[in-house]
Amino acid sequence: MFDAMGAAGSADDINAMEIHHWYTKFMKECPSGQLCLHEFKYVLDLHGLTPEANSYVEQVFHTFDMNKDGFIDFLEFIAAINLVIRGKIDQKLKWYFKLYDADGNGCIDKKELLSIFTAIQAINGHTNMSAEEFTNMIFQKIDVNNDGELTLEEFISGVERDKDLMELITKSFDLSNVLKVIQSGRRHSI
């Protein structure tokens, strides 16, 4: 179940007390045990978003919905929490890749990366570079065969060998602010 995000077996990293804590929070916010997209946005106070930002939130939701039933159940929720809190960098990079690969074809093209980064900027605020600059820099640094697409292997090896790029991607796509909203149990803007 957990290997869909590259976190195979890592649920063991969360102890029973933590699971109980997260289960209580999950069931308080979602008594049905099934979190739909609308509830996901409501819990995180993500409404009134630009179309780009809304698209990104939907992509995050669908990436966490590992069995593709239109809901995030508790197991999917715990896998997502574990990835954000304790995921190893290669697990996070696989998840980022899956998030960027909006059409699911196994490659990231410039349009997909530009779309995701534009959406993230709309949610997280300004960054030091435009979405176009970010996209061009990523492709310049890691598209080794210059075919205009990044495979999972190109993406992971390219990011892992460039410390600055690793830091930039980690900061840009950090979901810990989402986790803080969930942990606090409050609904406010992130």
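Residues numbered from 1 in each chain as written. Predicted model: local features only at pLDDT ≥ 70, side-chain atom pairs only at ≥ 80, totals over all residues. Heavy atoms only, no water.

Draft legend 1. Up close: the overall build of the protein chain. Along the backbone of the protein chain there are 10 helices and four strands. The secondary structure elements of the protein chain, listed N-terminal to C-terminal, are α-β-α-α-β-α-α-β-α-α-β-α-α-α. Looking at the protein chain as a whole, 44% of its 190 residues qualify as buried. Working note: accessible area of the protein chain is about 9800 Å², and carbon and sulfur atoms make up 54% of it. (Helix = DSSP H or I, 4+ residues; strand = E, 2+ residues; numbered from the N terminus. Buried < 20%, exposed > 50% of the residue type's maximum accessible area, 1.4 Å probe, protein only. Areas by Shrake-Rupley, 256 points an atom, 1.4 Å probe, with all protein chains shown as cover.)

Draft legend 2. Region of the structure containing the nonpolar core. If you look at the biggest cluster of nonpolar residues, it comprises 45 residues, and the most contacted ones within it are Phe-40, Tyr-100, Ile-138, Phe-155, Val-159 and Ile-169. Excluding its chain neighbours within four sequence positions, the residues that come into contact with Val-159 are Leu-93, Ile-142, Leu-165, Met-166 and Ile-169. (Core = buried A, V, L, I, M, F, W, Y, C linked by side-chain atoms within 4.5 Å. Contact = heavy atoms within 4.5 Å.)

Draft legend 3. Representation of the side chain of Asp-101 in the model. For Asp-101, the location among the structural elements is in the loop between α5 (89–100) and β3 (107–109). For the buried Asp-101, no salt bridge exists, and the shortest N-O distance to an oppositely charged side chain is 9.5 Å, to Lys-98. There is a polar contact of 2.7 Å between the side chain of Asp-101 and the backbone nitrogen of Gly-106. Dropping the residues within four chain positions of it, Asp-101 is found in contact with Gln-59, Gly-106, Cys-107, Ile-108 and Glu-112. (Lys, Arg positive; Asp, Glu negative; His and termini not counted. Salt bridge = Lys/Arg side-chain N within 4 Å of Asp/Glu carboxyl O. Polar contact = N/O pair within 3.5 Å; in protein donor to acceptor, adjacent residues only side chain to side chain.)

Draft legend 4. Just the packing of aromatic side chains, in detail. Counted by the stated rule, this structure contains 12 aromatic pairs. Cluster of aromatic residues (ring-pair linked, three or more members): Phe-64, Trp-95, Tyr-96, Phe-97, Tyr-100 and Phe-155. (Phe/Tyr/Trp six-rings, centres within 6.5 Å; stacked < 30°, edge-to-face > 60°.)

Draft legend 5. Local environment of unusual backbone geometry. At Lys-68, a residue that is not glycine, the phi angle is positive and equals roughly 60 degrees. Of note in the backbone geometry, Asn-146 takes a positive phi value of approximately 50 degrees without being a glycine. By the element assignment, Asn-146 lies in the loop between α7 (131–142) and β4 (149–151).

Draft legend 6. Structural context of the pattern of salt bridges. Here the structure, examined in full by the defined rule, presents two salt bridges. As a salt-bridge pair, Glu-58 and Lys-41 come within 3.5 Å of each other at their nearest N and O atoms. With Glu-58 in helix α3 (residues 51–64) and Lys-41 in helix α2 (residues 37–43), this pair connects stretches of sequence that are 17 residues apart. Owing to a relative accessible area of 27%, Glu-58 belongs among the partly exposed residues under this scheme.

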